[in-house]
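Report on the structure
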Amino acid sequence: MQIFGVDIGGSGIKGAPVDLDRGDLAQERHKVLTPHPATPKDVADCVAEVVGHFDWSGPVGITFPGVVTDGVTRTAANVDKGWVDHDARTLLGEKLGLPVTVLNDADAAGIAEMAFGAGRGRKGTVIMLTLGTGIGSAVFIDGQLVPNTELGHLELGGHEAEKHASTKAKEDEELSWHHWAHRVQKYLEHLEMLFTPELFILGGGVSRKADKFLPLIEHVRAEMVPAELQNNAGIVGAAMAAAGK
Ligand code: BGC
(Lines give C-alpha, C1' and ligand atoms only; values in the text may rest on other atoms or scores of the structure.)
Protein backbone atom coordinates (compact mmCIF):
# COMPACT_ATOMS: atom_id res chain seq x y z
CA MET A 1 0.00 0.00 0.00
CA GLN A 2 1.16 3.55 -0.73
CA ILE A 3 0.45 6.83 1.09
CA PHE A 4 2.01 10.22 0.38
CA GLY A 5 4.41 11.70 2.95
CA VAL A 6 5.62 15.31 3.20
CA ASP A 7 8.34 16.60 5.54
CA ILE A 8 8.30 20.35 6.29
CA GLY A 9 11.80 21.31 7.40
CA GLY A 10 13.67 24.54 8.03
CA SER A 11 15.49 24.44 4.70
CA GLY A 12 13.40 22.18 2.47
CA ILE A 13 9.89 20.80 2.00
CA LYS A 14 10.12 17.33 0.50
CA GLY A 15 7.78 14.52 -0.24
CA ALA A 16 7.08 11.32 -2.13
CA PRO A 17 4.65 8.43 -2.22
CA VAL A 18 5.75 5.90 0.40
CA ASP A 19 5.61 2.14 0.13
CA LEU A 20 4.30 1.26 3.58
CA ASP A 21 5.24 -2.40 3.35
CA ARG A 22 8.90 -1.63 2.72
CA GLY A 23 9.02 1.58 4.76
CA ASP A 24 10.73 3.36 1.90
CA LEU A 25 9.99 5.86 -0.82
CA ALA A 26 8.09 4.39 -3.77
CA GLN A 27 9.45 7.10 -6.09
CA GLU A 28 12.27 9.58 -5.95
CA ARG A 29 11.28 12.46 -3.66
CA HIS A 30 10.62 16.01 -4.82
CA LYS A 31 11.98 18.93 -2.82
CA VAL A 32 11.37 22.68 -2.85
CA LEU A 33 13.12 25.29 -0.71
CA THR A 34 11.28 26.41 2.41
CA PRO A 35 10.06 30.00 1.95
CA HIS A 36 11.27 32.70 4.33
CA PRO A 37 9.35 33.69 6.29
CA ALA A 38 7.71 30.24 6.41
CA THR A 39 4.14 31.55 6.76
CA PRO A 40 1.24 29.07 6.70
CA LYS A 41 0.06 30.29 3.29
CA ASP A 42 3.48 30.16 1.61
CA VAL A 43 4.29 26.77 3.13
CA ALA A 44 0.90 25.42 2.01
CA ASP A 45 1.72 26.58 -1.55
CA CYS A 46 5.04 24.68 -1.38
CA VAL A 47 3.35 21.54 -0.03
CA ALA A 48 0.89 21.73 -2.95
CA GLU A 49 3.81 22.07 -5.36
CA VAL A 50 5.52 18.98 -3.91
CA VAL A 51 2.36 16.85 -4.01
CA GLY A 52 1.43 18.26 -7.44
CA HIS A 53 4.73 17.01 -8.82
CA PHE A 54 3.24 13.51 -8.59
CA ASP A 55 0.01 12.14 -9.93
CA TRP A 56 -1.39 11.63 -6.44
CA SER A 57 -4.89 11.42 -5.08
CA GLY A 58 -5.25 9.85 -1.67
CA PRO A 59 -4.31 10.55 1.94
CA VAL A 60 -1.27 12.71 2.69
CA GLY A 61 0.74 12.73 5.94
CA ILE A 62 2.59 15.98 6.71
CA THR A 63 5.21 16.72 9.37
CA PHE A 64 5.53 20.06 11.13
CA PRO A 65 8.46 21.28 13.28
CA GLY A 66 6.35 22.14 16.35
CA VAL A 67 3.65 20.80 18.65
CA VAL A 68 0.59 19.48 16.78
CA THR A 69 -2.61 18.47 18.53
CA ASP A 70 -5.61 17.26 16.57
CA GLY A 71 -4.39 18.89 13.35
CA VAL A 72 -3.71 22.26 15.01
CA THR A 73 -0.13 23.54 15.13
CA ARG A 74 0.50 24.93 18.62
CA THR A 75 4.09 26.17 18.68
CA ALA A 76 6.53 27.52 16.10
CA ALA A 77 10.04 27.73 17.57
CA ASN A 78 11.85 27.79 14.22
CA VAL A 79 9.11 28.80 11.76
CA ASP A 80 6.80 31.80 11.32
CA LYS A 81 4.73 32.56 14.42
CA GLY A 82 1.59 32.59 12.23
CA TRP A 83 1.52 28.81 12.79
CA VAL A 84 0.73 29.17 16.49
CA ASP A 85 -2.82 27.84 17.05
CA HIS A 86 -3.37 27.48 13.30
CA ASP A 87 -5.72 24.82 11.96
CA ALA A 88 -3.07 23.28 9.73
CA ARG A 89 -5.13 20.22 8.87
CA THR A 90 -7.91 22.37 7.39
CA LEU A 91 -5.49 24.76 5.63
CA LEU A 92 -3.44 21.97 4.01
CA GLY A 93 -6.42 19.70 3.39
CA GLU A 94 -8.29 22.44 1.52
CA LYS A 95 -5.19 23.47 -0.40
CA LEU A 96 -4.57 19.90 -1.56
CA GLY A 97 -8.19 18.83 -1.80
CA LEU A 98 -7.10 15.61 -0.08
CA PRO A 99 -7.42 14.16 3.43
CA VAL A 100 -4.35 15.13 5.46
CA THR A 101 -2.79 14.12 8.78
CA VAL A 102 -0.41 16.57 10.44
CA LEU A 103 2.06 15.55 13.13
CA ASN A 104 5.29 16.68 14.78
CA ASP A 105 8.40 16.07 12.67
CA ALA A 106 10.40 14.21 15.31
CA ASP A 107 7.39 12.04 16.16
CA ALA A 108 7.13 11.14 12.47
CA ALA A 109 10.83 10.30 12.22
CA GLY A 110 10.57 8.23 15.39
CA ILE A 111 7.55 6.27 14.13
CA ALA A 112 9.52 5.33 11.01
CA GLU A 113 12.68 4.40 12.95
CA MET A 114 10.70 2.20 15.35
CA ALA A 115 9.05 0.32 12.50
CA PHE A 116 11.82 0.11 9.90
CA GLY A 117 15.06 1.45 11.38
CA ALA A 118 17.18 1.52 14.50
CA GLY A 119 14.27 0.98 16.90
CA ARG A 120 12.79 -2.10 15.22
CA GLY A 121 11.41 -4.52 17.80
CA ARG A 122 12.74 -2.48 20.75
CA LYS A 123 10.73 -2.57 23.97
CA GLY A 124 10.95 -0.37 27.07
CA THR A 125 11.60 3.37 26.85
CA VAL A 126 13.22 4.52 23.62
CA ILE A 127 14.08 8.18 22.96
CA MET A 128 14.66 9.32 19.41
CA LEU A 129 16.29 12.75 19.05
CA THR A 130 16.63 14.71 15.83
CA LEU A 131 19.62 17.03 15.94
CA GLY A 132 19.28 19.82 13.39
CA THR A 133 18.17 23.47 13.42
CA GLY A 134 16.41 22.57 16.66
CA ILE A 135 16.29 19.37 18.67
CA GLY A 136 13.20 17.24 18.20
CA SER A 137 12.22 14.31 20.40
CA ALA A 138 10.03 11.25 20.12
CA VAL A 139 9.50 9.06 23.18
CA PHE A 140 8.26 5.47 22.87
CA ILE A 141 7.17 3.14 25.63
CA ASP A 142 7.01 -0.47 24.46
CA GLY A 143 6.67 0.84 20.91
CA GLN A 144 3.86 3.28 21.76
CA LEU A 145 4.54 6.95 20.98
CA VAL A 146 4.07 9.63 23.63
CA PRO A 147 3.51 12.55 21.21
CA ASN A 148 4.79 16.14 21.40
CA THR A 149 7.39 15.63 24.11
CA GLU A 150 9.48 18.67 23.02
CA LEU A 151 12.56 17.63 25.00
CA GLY A 152 14.69 19.99 22.93
CA HIS A 153 13.35 22.88 24.99
CA LEU A 154 14.51 21.51 28.35
CA GLU A 155 16.66 23.97 30.19
CA LEU A 156 19.99 22.79 31.40
CA GLY A 157 22.93 24.69 32.82
CA GLY A 158 21.05 27.93 32.12
CA HIS A 159 20.64 27.14 28.41
CA GLU A 160 17.75 25.86 26.36
CA ALA A 161 19.05 22.48 25.18
CA GLU A 162 18.35 23.03 21.47
CA LYS A 163 20.13 26.41 21.48
CA HIS A 164 23.19 24.76 22.96
CA ALA A 165 23.41 21.24 21.54
CA SER A 166 21.71 21.33 18.11
CA THR A 167 23.83 21.03 14.98
CA LYS A 168 22.92 24.67 14.30
CA ALA A 169 24.65 25.60 17.57
CA LYS A 170 27.69 23.59 16.44
CA GLU A 171 27.79 25.49 13.14
CA ASP A 172 26.98 28.95 14.50
CA GLU A 173 29.55 28.71 17.27
CA GLU A 174 32.02 26.77 15.11
CA LEU A 175 32.36 24.11 17.79
CA SER A 176 34.78 21.21 17.36
CA TRP A 177 33.27 17.71 17.34
CA HIS A 178 34.78 17.26 20.77
CA HIS A 179 33.23 20.38 22.24
CA TRP A 180 29.83 19.71 20.68
CA ALA A 181 29.85 16.03 21.72
CA HIS A 182 30.45 17.19 25.29
CA ARG A 183 27.30 19.33 25.13
CA VAL A 184 25.29 16.45 23.63
CA GLN A 185 26.62 14.21 26.37
CA LYS A 186 25.45 16.58 29.13
CA TYR A 187 22.04 16.67 27.47
CA LEU A 188 21.81 12.88 27.18
CA GLU A 189 22.89 12.49 30.82
CA HIS A 190 20.05 14.83 31.81
CA LEU A 191 17.51 12.88 29.76
CA GLU A 192 18.84 9.66 31.25
CA MET A 193 18.35 11.04 34.75
CA LEU A 194 14.72 11.84 33.89
CA PHE A 195 13.67 8.81 31.83
CA THR A 196 16.23 5.96 32.20
CA PRO A 197 15.70 4.90 28.57
CA GLU A 198 16.92 1.63 27.14
CA LEU A 199 17.96 3.24 23.90
CA PHE A 200 18.74 6.64 22.40
CA ILE A 201 18.36 6.92 18.61
CA LEU A 202 20.20 9.96 17.28
CA GLY A 203 18.83 11.30 14.02
CA GLY A 204 18.99 14.40 11.83
CA GLY A 205 21.51 14.98 9.07
CA VAL A 206 24.39 14.63 11.52
CA SER A 207 23.53 10.95 12.09
CA ARG A 208 25.48 10.29 8.88
CA LYS A 209 28.59 11.45 10.75
CA ALA A 210 27.88 9.44 13.90
CA ASP A 211 31.43 8.01 13.87
CA LYS A 212 32.73 11.55 14.48
CA PHE A 213 30.82 12.19 17.70
CA LEU A 214 29.22 9.04 19.14
CA PRO A 215 32.60 7.59 20.24
CA LEU A 216 33.29 10.86 22.11
CA ILE A 217 30.17 10.50 24.29
CA GLU A 218 30.78 8.80 27.63
CA HIS A 219 28.89 8.37 30.90
CA VAL A 220 25.63 7.44 29.21
CA ARG A 221 24.39 4.05 30.33
CA ALA A 222 21.73 3.59 27.66
CA GLU A 223 22.65 2.21 24.28
CA MET A 224 23.14 4.98 21.67
CA VAL A 225 22.74 4.34 17.97
CA PRO A 226 22.48 6.54 14.89
CA ALA A 227 19.15 6.67 13.05
CA GLU A 228 19.07 4.38 10.02
CA LEU A 229 16.51 6.01 7.72
CA GLN A 230 18.23 9.40 7.88
CA ASN A 231 16.82 11.85 5.34
CA ASN A 232 13.61 10.00 4.60
CA ALA A 233 12.46 9.15 8.13
CA GLY A 234 10.08 12.13 8.31
CA ILE A 235 8.44 11.38 4.96
CA VAL A 236 8.01 7.68 5.78
CA GLY A 237 6.69 8.41 9.29
CA ALA A 238 4.24 11.02 7.97
CA ALA A 239 2.81 8.50 5.53
CA MET A 240 2.58 5.87 8.26
CA ALA A 241 0.68 8.29 10.51
CA ALA A 242 -1.74 9.11 7.67
CA ALA A 243 -2.33 5.38 7.29
CA GLY A 244 -3.13 5.16 11.00
CA LYS A 245 0.01 3.11 11.85
C1 BGC B 1 10.37 22.17 17.91
C2 BGC B 1 9.99 20.71 17.83
C3 BGC B 1 10.65 20.07 16.62
C4 BGC B 1 12.15 20.31 16.65
C5 BGC B 1 12.84 19.75 15.41
C6 BGC B 1 11.88 22.27 17.93
O7 BGC B 1 12.25 23.62 18.00
O8 BGC B 1 9.84 22.76 19.07
O9 BGC B 1 8.60 20.57 17.74
O10 BGC B 1 10.38 18.70 16.62
O11 BGC B 1 12.44 21.68 16.75
O12 BGC B 1 12.37 20.35 14.25
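Worth saying up front: this structure is predicted, and the values here are computed from it rather than measured. (Residues numbered from 1 in each chain as written. Predicted model: local features only at pLDDT ≥ 70, side-chain atom pairs only at ≥ 80, totals over all residues. Heavy atoms only, no water.)

Some points on the overall build of the protein
The number of helices and strands found in the protein is 8 helices and 16 strands. For the protein, the C-alpha radius of gyration of 17 Å lies close to 18 Å, the compact-globule estimate for 245 residues. Its C-alpha atoms give the protein principal-axis dimensions of roughly 50 × 35 × 30 Å. Of the contacts made within the protein by residues no fewer than 6 positions apart, 63% connect residues no fewer than 24 positions apart. In the structure as shown, the protein presents an accessible area of about 10,900 Å², 49% of it carried by carbon and sulfur atoms. Here the protein contributes 22 positive and 33 negative side-chain charges, whose respective centroids are spaced 3 Å apart. (Helix = DSSP H or I, 4+ residues; strand = E, 2+ residues; numbered from the N terminus. Rg over C-alpha atoms; globule rule 2.2 N^0.38 Å. Contact = heavy atoms within 4.5 Å. Areas by Shrake-Rupley, 256 points an atom, 1.4 Å probe, with all protein chains shown as cover. Lys, Arg positive; Asp, Glu negative; His and termini not counted. Charge placed at Lys NZ, Arg CZ, Asp CG, Glu CD.)

Focus on unusual backbone geometry
With an omega of 0°, the peptide bond between His36 and Pro37 qualifies as cis. Its place among the elements puts Pro37 in the loop between β4 (30-33) and α1 (40-52). Positioned with a positive phi, Asp70 is a non-glycine residue whose angle comes to about 50°. The class of Asp70 is exposed, set by a relative accessible area of 64%. For Asp142, which is not glycine, the phi dihedral falls at a positive 45°. (Buried < 20%, exposed > 50% of the residue type's maximum accessible area, 1.4 Å probe, protein only.)

A word on the domain arrangement of the protein
One can read the domain layout of the protein as domain 1 (2-107 + 233-242) and domain 2 (121-227). Between the C-alpha centres of domain 1 and domain 2 the distance comes to 24 Å. Taken together, the contact pairs 9 residues of domain 1 with 14 residues of domain 2. Roughly 790 Å² of surface becomes buried between domain 1 and domain 2 when both sides are summed, with 49% attributable to carbon and sulfur atoms. For the interface between domain 1 and domain 2, the tally reads 0 salt bridges. Joining domain 1 to domain 2, the criterion identifies 2 residue pairs in polar contact (both at pLDDT 80 or more). When contributions to the side of domain 1 that touches domain 2 are tallied by element, the ones reaching two or more residues are β6 (68-69) and α3 (105-116). A class-by-class count of the residues in the side of domain 1 that touches domain 2 yields 4 nonpolar, 4 polar and 1 charged. (Domains from an automatic or database assignment. Buried area = accessible area lost by both parts, 1.4 Å probe. Salt bridge = Lys/Arg side-chain N within 4 Å of Asp/Glu carboxyl O. Polar contact = N/O pair within 3.5 Å; in protein donor to acceptor, adjacent residues only side chain to side chain. Nonpolar A, V, L, I, M, F, W, Y, C, P; charged D, E, K, R; others polar.)

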